[in-house]
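Report on the structure
Each chain, written out:
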Amino acid sequence: MSAAGGLFDVRREERRTAFSALLTLTLITTGHTLLETARDALFLARMPISRLPWMYLLIVVFALMLSKLEFLHARTRAGVAGSLFVASIVTSSFWFVLAPESRTPLVLYSLYLWTGVFGSWAMVQVWTLLGRAYTMIQAKRLYGFIGSGAVLGGVLGAMLARFLIGFFSARAAVLFAALLFATAALPSCFLEKDESDADPKVIASKPLARSLTKPMRATMGMLREFTFVRRVLGLVLLSTITVTLADFLFKAEVAKAFTSTKDLGTYLSTFYAITNTIALLGQVFVAPWIFRHLGVQRALLVFPGALFASAIGLVASGGALRGTVVMKALDGALRYSLHKTSMELLLVPVPDLIRERAKPIVDLVGVRGGQALASLFIIGLVACSLSQPTVLGCLILLLSLSWIVLVFRSRKHYLDVFRQTLSQGGLSGKTELPELDLGALEMLFERLNSENDFEVLAALQFLKEQGKGRLIPALILYHPSHEVVVTTLEIFTELGRTDFIPIADRLNTNADASLAAAALRARTVTLPEQATLRERLEGSTPEVAATALISLMARDWISEEEANSRLEELRSSLQPETAIEIARTISALAPKPTGKPLDSLFDPLLIELNARAFDDPASRRPSPPSSVEKRPIGPPAVAPLAKSMQVRIEVVRAMAARGSQSFVRPLVEMLARHELRPEARRALLAIPGALEALDHALSDPQMKSELRVHLPRTICLFDPTRAAAVLERHLEGPYSGVVRFKVLRGLLNLKREHPEIRMNQP
């Protein structure tokens, strides 16, 4: 899906946020490119080139220090806007001190450091805020569109620098950059979405995310154990060192060729405008073609191969300026368009938990560590008078050759790690990842034919999450595994596919009644037919007949008298398996109240199913054997839930889909059971007015203590500001010590996760 196409698949509010983010990033990057060009022109014209590696090193040090200062990380749109205004003031102050009569080396050093640190800091602010505004699915559709603003800003900034420095001065470019930062604060005010619109599942998963946080020592230990991640780290480290040396070489040669600030600024702005334009075209047209036809493994060789060839030309020409220009042009054109995406793709096969813990370390050690190592190495070369172009060209040649060798050594592990990760179920596809290359897709389809059902399920889920669900063959519905067929039906239903319906109709005669009911439900959601439902209502298993009845009621294809009569027949001999299919069908076909006469029967029916007692012994009809129990690889088998508990779980999910306030009381009562508690909390998050109901329940004197003790934690899952206000009102309530402790702990957790919340009580 293209970035523009994904933009119109979301609501107007998300589109507004996306355009605001695009404009914010464009303005920030335009201003930063403008400021960076002016900085380079001023610094290279006035300062000896031997000071440049020290600037590289100090930028790394300051960036690491700032990343540890929590108060500098804005968590709201107001914080980001305020940060940009402060950045505008700081940048504009350089305009005053850059006057020729007051310009000192300290001012030039400070400008260089400020420009280098501000770029990464400002981008982190914006992307962190966008992470709060979008769910993962929305992000996958919109981040490509939003990210294009950064590339576009690079082109516009270089062109603007060419005009301002050519007709005015580098000092004027600094002032204009400050104006752009202040302007970027205006669209940034629309970046943050209302927390009340956040996905309940995302909110409910915050405790899980916190539980996955590991200390740095544990993460480094994990890197020692995972060979493939170490090689990715090595690639990032080598590439960073190589491009840092190339940047130093380019700036050193340009500083020799142009001595005045105006000439330097004009040349650099023209050069950056050309390379940024090439990078934009490469990102839009060239990189997708390379990934489609060459795959990620070969794509990884393009950038180091180009640097290797340019290094040979540089050494052969004796270090001529044109050789360094070609090398830097290749860097500017390929690093952010092809190389960055290739490196992201290389991490696709790494298990989710390992990837989430390893990627920050790879970025920190690989990028910042590589910059620091390259800086120290250049300082040593300068001290030994070995910083000539030919020497640096030879070093770049050797580094790029080592880079190519490491890519070849990593290639053979790429698909092997992918296969291993799928077989262990560690790859969900829910992480924001680039588009899969042909080799990875071939491997995924190979896993669909695996004898291990767990591998098939993992491949199905990953294809779905990566937007490749339409490529799954419909014939997989003939798979002998119950879980595989049901999962496939759910994917086909979600995608709105109709090619599976002839096969789904044949599943009506399947010995697995639950599977037959799932097939009928899937085909009814996708392509409902009254005649088919009427046929299944008569002479079918109770599960299929119940599914057909609920489907007819949801479509209003049955009279109220007949519906009540058939519901009474079901109640008289209701089995847990039938109750499960009733709840699943209500969730799939009647997810929201419609106001129709028959629709009013669903909510009382769900409450009745939840309250009804079912026999827990293996049920009166044996369940179909689960293929998961026979899988040789994967997580350890979990003891099956009692049938009554399975019924209640499906009922809770249907309640979450319906979102009726009449479900609040039953859901609160379910909090006492640990098997039901996660689902009950997710359902409460989906019900309008549930927070107010929980507020009332917490102070209800009739509420049982075993239920009240779970309410503070549930309240914390709602909008943080509103949840904090509710809990504050109950700090002095007449509760037991355990309940008061839960209220206090909930407030402390909210304050720690959301420091912007203001508490009324000290």
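Residues numbered from 1 in each chain as written. Predicted model: local features only at pLDDT ≥ 70, side-chain atom pairs only at ≥ 80, totals over all residues. Heavy atoms only, no water.

So, about the overall build of the protein. From N to C terminus, the protein includes 34 helices and 0 strands. Burial status across the protein gives 53% buried among its 762 residues. By sequence separation, contacts in the protein at least 24 residues apart represent 79% of the contacts at least 6 residues apart. Working note: accessible area of the protein is about 34,000 Å², and carbon and sulfur atoms make up 62% of it. (Helix = DSSP H or I, 4+ residues; strand = E, 2+ residues; numbered from the N terminus. Buried < 20%, exposed > 50% of the residue type's maximum accessible area, 1.4 Å probe, protein only. Contact = heavy atoms within 4.5 Å. Areas by Shrake-Rupley, 256 points an atom, 1.4 Å probe, with all protein chains shown as cover.)

The biggest cluster of nonpolar side chains holds 94 residues, and the ones touching the most others in it are Phe43 and Leu98. The element best represented in this core is helix H11 (residues 227-257), accounting for 16 residues. When neighbours within four sequence positions are excluded, phenylalanine 43 is seen to be in contact with Arg51, Leu52, Met55, Leu108, Tyr109 and Tyr112. Of all hydrophobic cores here, the second largest spans 71 residues; its members include Leu537, Leu667, Leu685 and Leu717. (Core = buried A, V, L, I, M, F, W, Y, C linked by side-chain atoms within 4.5 Å.)

If you walk through the whole model with that rule in mind, you get 10 aromatic pairs. With centroids separated by 6.2 Å and ring planes inclined at 55°, the aromatic side chains of phenylalanine 43 and tyrosine 109 adopt a geometry described as tilted. Placement of phenylalanine 43 in helix H2 (residues 12-46) and of tyrosine 109 in helix H5 (residues 105-133) is noted, with a sequence separation of 66 residues between them. Across the pair, tyrosine 109 and phenylalanine 43 agree in class, each one buried. When the ring of phenylalanine 43 is compared with that of tyrosine 112, the centres are 4.9 Å apart and the planes differ by 55°; the resulting orientation is tilted. With phenylalanine 43 in helix H2 and tyrosine 112 in helix H5, the pair connects residues that are 69 residues apart, well separated along the chain. (Phe/Tyr/Trp six-rings, centres within 6.5 Å; stacked < 30°, edge-to-face > 60°.)

What follows deals with the confidence of the model for the protein. Summarising the model, the protein shows a mean pLDDT of 78, and 76% of its residues fall at 70 or more. The model gives residues 194-216 a pLDDT under 50, and that stretch makes 29 contacts with residues more than four places away or in other chains. (pLDDT = per-residue confidence, 0-100.)

By the secondary structure assignment, leucine 533 is in helix H22 (residues 530-537). You can call leucine 533 buried: its relative accessible area is 0%. Taking C-alpha positions, leucine 533 is 9.7 Å from isoleucine 550, a pair spaced 17 residues apart along the chain. Those residues within four positions of leucine 533 in sequence are excluded, and the remaining contacts are Leu520, Thr524, Ala548, Ser551, Leu552 and Trp557.

For the coordinates displayed, the defined rule picks out 33 salt bridges. We note a salt bridge from aspartate 247 to lysine 328, for which the minimum N-O separation is 2.9 Å. Of this pair, aspartate 247 sits in helix H11 while lysine 328 sits in helix H14 (residues 321-346), and the two are 81 residues apart along the sequence. For the pair shown, aspartate 247 and lysine 328 are each scored as buried. (Salt bridge = Lys/Arg side-chain N within 4 Å of Asp/Glu carboxyl O.)

Two elements in contact, helix H27 (residues 643-658) and helix H29 (residues 677-685), have axes whose closest approach is 8 Å; the angle formed by their N-to-C orientations is 15°. On the basis of the axis angle, H27 is roughly parallel to H29. Where H27 crosses over H29, the handedness of that crossing is left-handed. On H29, the residues that touch Ile649, Val652, Arg653 and Ala656 of H27 are Glu679, Ala680 and Ala683. Of the residues in the contact of H27 with H29, the class split is 5 nonpolar, no polar and 2 charged. (Axes fitted to C-alpha atoms, helices over the stretch in contact; angles between N-to-C directions. Parallel < 35°, antiparallel > 145°, perpendicular 65-115°, else oblique. Left-handed = near helix turned anticlockwise from the far one by under 90°. Nonpolar A, V, L, I, M, F, W, Y, C, P; charged D, E, K, R; others polar.)

We now examine H29. Of all 9 residues in H29, 7 are buried, a share of seventy percent or more. Every buried residue of H29 is accounted for by Arg677, Glu679, Ala680, Arg681, Ala683, Leu684 and Leu685.

Moving on to the side chain of histidine 479. Mapped onto the secondary structure, histidine 479 falls in the loop between helix H18 (453-465) and helix H19 (482-495). Taking the relative accessible area as the measure of exposure, histidine 479 reaches 16% and is therefore buried. In contact with histidine 479, not counting residues within four places along its chain, are Asp453, Val456, Val484 and Val485.

Attention now moves to a nonpolar patch on the surface. A cluster of nonpolar side chains, contributed by Leu58, Val61, Phe62 and Met65, occupies part of the molecular surface with about 320 Å² of accessible area. Inspection of the secondary structure assignment puts methionine 65 in helix H3 (residues 52-67). With relative accessibility at 47%, the residue methionine 65 sits in the partly exposed group. (Patch = residues over 30% accessible without salt bridge, like charges linked within 9 Å, V, L, I, M, F, W, Y side chains within 5 Å.)

Positive phi outside glycine occurs at serine 385, with the angle close to 60°. You can see serine 385 is positioned in the loop between helix H15 (352-383) and helix H16 (389-423).

Bringing the packing of helix H23 (residues 542-554) against helix H24 (residues 560-572) into the picture now. Two numbers describe how H23 lies on H24: the axes approach to 11 Å, and their chain directions differ by 155°. Considering their axes alone, H23 and H24 lie roughly antiparallel with respect to each other. Of the two possible hands of crossing, H23 and H24 adopt the one that is left-handed. In this structure, H23 uses Ala546, Leu549 and Met553 to contact H24, whose residues at the interface are Ala563, Arg566, Leu567 and Leu570. Counted by class, the contact of H23 with H24 contains 6 nonpolar, no polar and 1 charged residues.

Let's shift gears to the environment of glycine 313. If you trace the backbone, glycine 313 turns up in helix H13 (residues 295-316). Given the relative accessible area of 35%, glycine 313 is considered partly exposed. As a C-alpha pair, glycine 313 and valine 326 span 13 residues in sequence and 9.2 Å in three-dimensional space.

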